[in-house]
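Examination of the molecular architecture
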Amino acid sequence: MPYTSYNKADKDLWHFKEAKRITSTERFILLILVITGIISVLRLADWWFRNDHIGNLFLFTVLSLAFWYSVLRLILIWINYLGIKKPPRMEPPQGLTVAIFTTSSPGEPLAMFEKTLEACANITYPHTTYLLDDTRDRAFKAVAEKHGAVWLELVGLPGAKAGKINRALELTNEDFILVLDPDHIPFPEFLDHTLGYFQDEQIGFVQVSQAYYNQYRSFTASGAAEQTYNFYGPTQMSLFGYGCSVAIGANCTFRRRALQSIGGHGIGLAEDLVTAIRLHAAGWKSIYNPVVISRGLVPEDLGSFCKQQLKWSRGVFEVTFMELPRLFRKLSGWQRISYLTIGTYYLVGVTQLIFTIIPFLYFSTGVLPASMEFADFIIYGMPVAICAVAIYMYMQRWLCDTATETGLHWRGMVLKFACWPVFLIGFLLALVNAEIPYIPTAKKAAIGYITPFIRPMIIHSVAFLVAVSGVLIYRRYFMPESQLALSAEKTWGMIAFAFLAFIMAIGGIFAAMEAWGMKAEDPWDTVNLKNE
């Protein structure tokens, strides 16, 4: 029987969901869309790189690097989609020995573990659940034993979550290990959708989708969830098609022998990505099964979300700078491309800084990186934007839960913009190899607290209003009429460009301010495991 929820809005979340299979006709349509998109990009590039478009050579080079970095990533995503694939259902053989590892850390709510460990006990395939605990709180031992789990006190180990997993590997002997984050509530049939794939002895790990049950709690929660829908649907399915689906920390089942072959679970702020790249470099294969067989939590307030993103950005750059160069020659061609693409995702912090500065540079000095007509940019750039949106929306037919996950995902875009200073900090910390602590993602909203991460957005918004007001006043009262018409298109084009960023910043401010009025709630209390 599926679980249920006491919230009517969540009534359908606790049923099994899966991405649909891909037909030949759908592949052909996708191919046409991608070819059209690439042609539109080539047309834009032919127009962009004209000698008469260079305003200031240095600034034009900087702008081009930022802009075409973004476009190149778009093309790689499109090409990745062409490999989309869904594995066939594989029934698990009987008699496998399976462990479930979930970890507890100081400050995490005990009531959440009541729900998670009870759900683990409900998993139908025979297994042993282990609570890897470093809270020094004996209540966690009691709740583990209440639900038939083995309590392992693992205090003071280096490596945070991964350190506890590696120590638990030494204390246990099961052949397969499901790593389950403590905020995730697994469905009873969880292992039935993962263990069958291990009949292929080359499979090192099986990853399934992550889905959430608190995304309706706030703007931030909705946006954080929206950022993941496409990744856990068509993106990971496409990576699987190219032989490089990655592990994502939670809901991943590993072969013990595979982990042992690389010296255990990877340690780092992005320990899941470290583990995945090492396993692929060691020759192990991975499976991505796009099924919803558990639901967990996303951050509900902007401060918690930004802390999570800072940890992830610093950790992903660590993989890019340390792991990828070391293992590059051991990876397949598309594995190299995919890890490089994943590893440079957070460079958006650098590119957005450039895009943010350019309008203010023009407002204050009149200098532009490029001598382009704004109308021409729209004419050549709009087809690329239309293709990007069309492909993005088309790929949503392979989301894992189309009933709740489809849409423009504009909240996710707002949060991504709001976090660009965080991504920039993560990049700078990686450049100087500065360490930051491994802090588990918050399981409850910080209600009544306005995060300091709001400051860059406030500064940006005030700077926009001041700059635009100054430009309008200057044009209205001080600029000679002979120059008004000549500069009108460039000025209004820059104002429009800056206005888009301003609107996104206002959205981020709203997300931060929402923490003032949120009601306190423990999301797991709404989940009914007994289906009464």
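See the structure printed just above.
To keep things clear, this report deals only with the structure shown in the data block. As the structure is a computational prediction, the values presented were derived from the model and not from experiment. (Residues numbered from 1 in each chain as written. Predicted model: local features only at pLDDT ≥ 70, side-chain atom pairs only at ≥ 80, totals over all residues. Heavy atoms only, no water.)

1. Looking at the packing of helix α16 (residues 455-477) against helix α17 (residues 481-513)
Contact geometry for α16 and α17: axes closest at 9 Å, N-to-C directions at 160°. If you check the angle between α16 and α17, you find them roughly antiparallel. Like other packed secondary-structure pairs, α16 and α17 cross with a definite hand, here left-handed. In the contact of α16 with α17, the residues fall into 18 nonpolar, five polar and one charged. (Axes fitted to C-alpha atoms, helices over the stretch in contact; angles between N-to-C directions. Helix = DSSP H or I, 4+ residues; strand = E, 2+ residues; numbered from the N terminus. Parallel < 35°, antiparallel > 145°, perpendicular 65-115°, else oblique. Left-handed = near helix turned anticlockwise from the far one by under 90°. Nonpolar A, V, L, I, M, F, W, Y, C, P; charged D, E, K, R; others polar.)

2. Topic: the environment of G223
Note that G223 resides in helix α6 (residues 219-241). The exposure class of G223 is buried, given its relative accessible area of 0%. Separated by 76 residues in the primary sequence, G223 and P299 have C-alpha atoms spaced 9.7 Å apart. (Buried < 20%, exposed > 50% of the residue type's maximum accessible area, 1.4 Å probe, protein only.)

3. Brief notes about a nonpolar patch on the surface
The grouping of F28, I29, L31, I32, I35 and I39 at the surface amounts to a nonpolar patch, some 530 Å² of accessible area in total. Inspection of the secondary structure assignment puts I29 in helix α1 (residues 24-48). You can call I29 partly exposed: its relative accessible area is 37%. (Patch = residues over 30% accessible without salt bridge, like charges linked within 9 Å, V, L, I, M, F, W, Y side chains within 5 Å. Areas by Shrake-Rupley, 256 points an atom, 1.4 Å probe, with all protein chains shown as cover. Salt bridge = Lys/Arg side-chain N within 4 Å of Asp/Glu carboxyl O.)

4. A closer look at the sheet that holds strand β4 (residues 128-133)
Here we have seven strands laid out as an open sheet, ordered β5-β4-β3-β6-β9-β8-β10, and mixed in their pairing. Single-partner strands in this sheet number two, and they are β5 (150-153) and β10 (285-289). Neighbour to neighbour, the strand axes of the sheet diverge by 20° on average, direction disregarded. Strand direction decides the pairing type here: strand β8 (residues 203-208) and β10, joined by five bridges, are parallel. Pairing of F205 across the sheet is with S286, part of β10. (Pairing = 2+ DSSP bridges.)

5. Structural notes on the environment of G517
Mapped onto the elements of the fold, G517 is located in the loop between α17 and β13 (527-528). When the C-alpha positions of G517 and Y449 are compared, they lie 9.9 Å apart, and in sequence the two are 68 residues distant.

6. Section: the pattern of salt bridges
Enumeration according to the criterion identifies 21 salt bridges in this entry. The partner of E26 in a salt bridge is R397, and the shortest N-O contact between them spans 3.4 Å. In this pair, E26 is assigned in helix α1 and R397 in the loop between α12 (374-395) and α13 (402-405), connecting sequence segments 371 residues apart. Residue class for E26 comes out buried when judged on its relative accessible area of 9%. Here R397 falls in the partly exposed class, since its relative accessible area comes to 34%. Residue E201 is joined to R257 by a salt bridge in which the shortest nitrogen-to-oxygen separation is 2.9 Å. Placement of the pair is E201 in the loop between β7 (185-186) and β8 and R257 in helix α7 (residues 256-261), with a sequence separation of 56 residues. Of the residues examined, E201 reaches a relative accessible area of 48% and is grouped as partly exposed. Looking at R257, the relative accessible area reads 43%, which means it is partly exposed.

7. What about the packing of aromatic side chains?
Within the structure shown, the criterion is met by 31 aromatic pairs. Cluster of aromatic residues (ring-pair linked, three or more members): W47, W48, F49, F60, F67, W68, F377 and Y380. Seen from the ring of W398, R397 lies directly overhead, with NZ or CZ sitting 6.0 Å from the centre. Residue placement shows R476 over the ring face of Y477; its charged tip is 5.1 Å from the ring centre. (Phe/Tyr/Trp six-rings, centres within 6.5 Å; stacked < 30°, edge-to-face > 60°. Lys NZ or Arg CZ within 6 Å of the ring centre and 35° of its normal.)

8. A look at the packing of helix α14 (residues 410-418) against α17
The geometry of α14 relative to α17 is characterised by a closest axis approach of 8 Å and an angle of 95° between their N-to-C directions. The angle between α14 and α17 places the two elements in the roughly perpendicular class. Contacts from M413, V414, L415, F417 and A418 in α14 reach A501, M504, A505, G507, G508 and A511 in α17. A breakdown of the residues in the contact of α14 with α17 according to their chemical character gives nine nonpolar, two polar and no charged. (Contact = heavy atoms within 4.5 Å.)

9. A few points about unusual backbone geometry
Residues other than glycine seldom take positive phi values, yet R136 does so here, at roughly 65°. With phi around 55°, N433 is a residue other than glycine that occupies positive phi space. Mapped onto the fold, N433 is located in the loop between α15 (420-431) and α16. Look at N433 and you get exposed, because its relative accessible area is 55%.

10. Digging into the side chain of N214
Here N214 is to be found in the loop between β8 and α6. Dropping the residues within four chain positions of it, N214 is found in contact with A221, G296, L297, V298, E300 and P523.

11. A few points about helix α4 (residues 138-146)
Buried within α4 we find F140, V143 and A144. Angularly, the buried residues of α4 cover 105° about the axis, an arc narrow enough to put them on a single face. Turning to α4, the residues buried within the fold contact β3 (98-104), α3 (110-122), β4 and β5. Where α4 begins, one side-chain oxygen reaches toward the backbone nitrogen of A139, 2.9 Å away; that side chain belongs to D137. One or two residues past the end of α4 sits G148, with phi positive at roughly 75°. (Arc of directions from axis to C-beta. Polar contact = N/O pair within 3.5 Å; in protein donor to acceptor, adjacent residues only side chain to side chain.)

None of this, on its own, says anything about what the molecule does.
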